[in-house]
Each structure stands twice: as C-alpha cells, then as structure tokens.
Amino acid sequence: NIISHIEIIFALAILGAIFFAKPGRLVMVLLILMGSILLVQHLWLLPTLDARVGLILEGKPVLPSYHHHLYAFSEGLKVTLLLAVSILEARRPASR
C-alpha cells in the first residue's frame, strides 16, 4: 500500500525533526502513540486486510471481521493525535 509507505516516510521525517525541535513530554508521548499505531497498521492490520481482499477477489467466502472497524478507528485516532500535537506545538513559545 503506497499510502502506508508514505506515512512511514513522514513518520521518519518527524522522528528526525524531534532532535531539532526538542518537544515537550506530552508531545513526545503523543508522537510515540502515533508511531505505534502506524506500526501496528503497517505490520499487522493492513496485511490482514489485504489478505481478506485477496480471498474476496478469488471468490472465496470470508467471515465478518472487526479489522475494518479497527482500521477506521485507528485512522481517526492518528488524525486526532496529529491535530493535538500541532496545537500543542503552535502554542509553545519560540525558543531563542
């Protein structure tokens, strides 16, 4: 999934920027949580969903699953965390 790979690239860029920006603890916790969600999606959830799509395309039956709901929830959570990080960083006084 190309979008997942682009997200990983942006996450690595954020990781690099952390060394220069030196964010506070709360922002670090939120970024770690976002990165953890991204890793779970990339390493487990998306491959699981891709396998299900493969089965469906082959015409094989698949049982109902919570994976799509979990993916949608995790995407919403990532957006919320990114918004929170943005607001916290925008309110932080500029360092001299």
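Since the model is a prediction, treat every value here as computed from it, not as a measurement.

Enquirer: Tell me about the confidence of the model for the chain, and please be specific about residues and values.
Expert: Any region with low pLDDT has predicted coordinates that should not be read closely. With 98% of its residues at a pLDDT of 70 or more, the chain shows a mean pLDDT of 93. Mean pLDDT in the chain bottoms out at helix α1 (residues 2-21), which sits at 90, and peaks at helix α3 (residues 67-91), which reaches 96.

Enquirer: An account of the pattern of salt bridges is needed here, citing residue identities and associated values.
Expert: Counted under the stated rule, the structure contains 4 salt bridges. Each of Glu7, Glu75 and Lys78 takes part in a single network of salt bridges with overlapping partners.

Enquirer: Help me get a handle on α3, residues and values and all.
Expert: Between its first and last C-alpha, α3 extends 36 Å over 25 residues, near the 36 Å set by a 1.5 Å rise per residue. When we look at burial in α3, the residues that qualify are His67, Ser74, Lys78, Leu81 and Val85. In this structure, the buried side of α3 is in contact with α1 and α2 (25-57).

Enquirer: Explain the nonpolar core residue by residue, including any values.
Expert: Counting 8 residues, the largest nonpolar core consists of Ile18, Val27, Leu30, Leu31, Met34, Ile37, Leu81 and Val85. At the level of secondary structure, the elements contributing two or more residues to this core comprise α2 and α3.

Procedures and definitions
Residues numbered from 1 in each chain as written. Predicted model: local features only at pLDDT ≥ 70, side-chain atom pairs only at ≥ 80, totals over all residues. Heavy atoms only, no water. pLDDT = per-residue confidence, 0-100. Helix = DSSP H or I, 4+ residues; strand = E, 2+ residues; numbered from the N terminus. Salt bridge = Lys/Arg side-chain N within 4 Å of Asp/Glu carboxyl O. Expected span 1.5 Å × (residues − 1). Buried < 20%, exposed > 50% of the residue type's maximum accessible area, 1.4 Å probe, protein only. Contact = heavy atoms within 4.5 Å. Core = buried A, V, L, I, M, F, W, Y, C linked by side-chain atoms within 4.5 Å.

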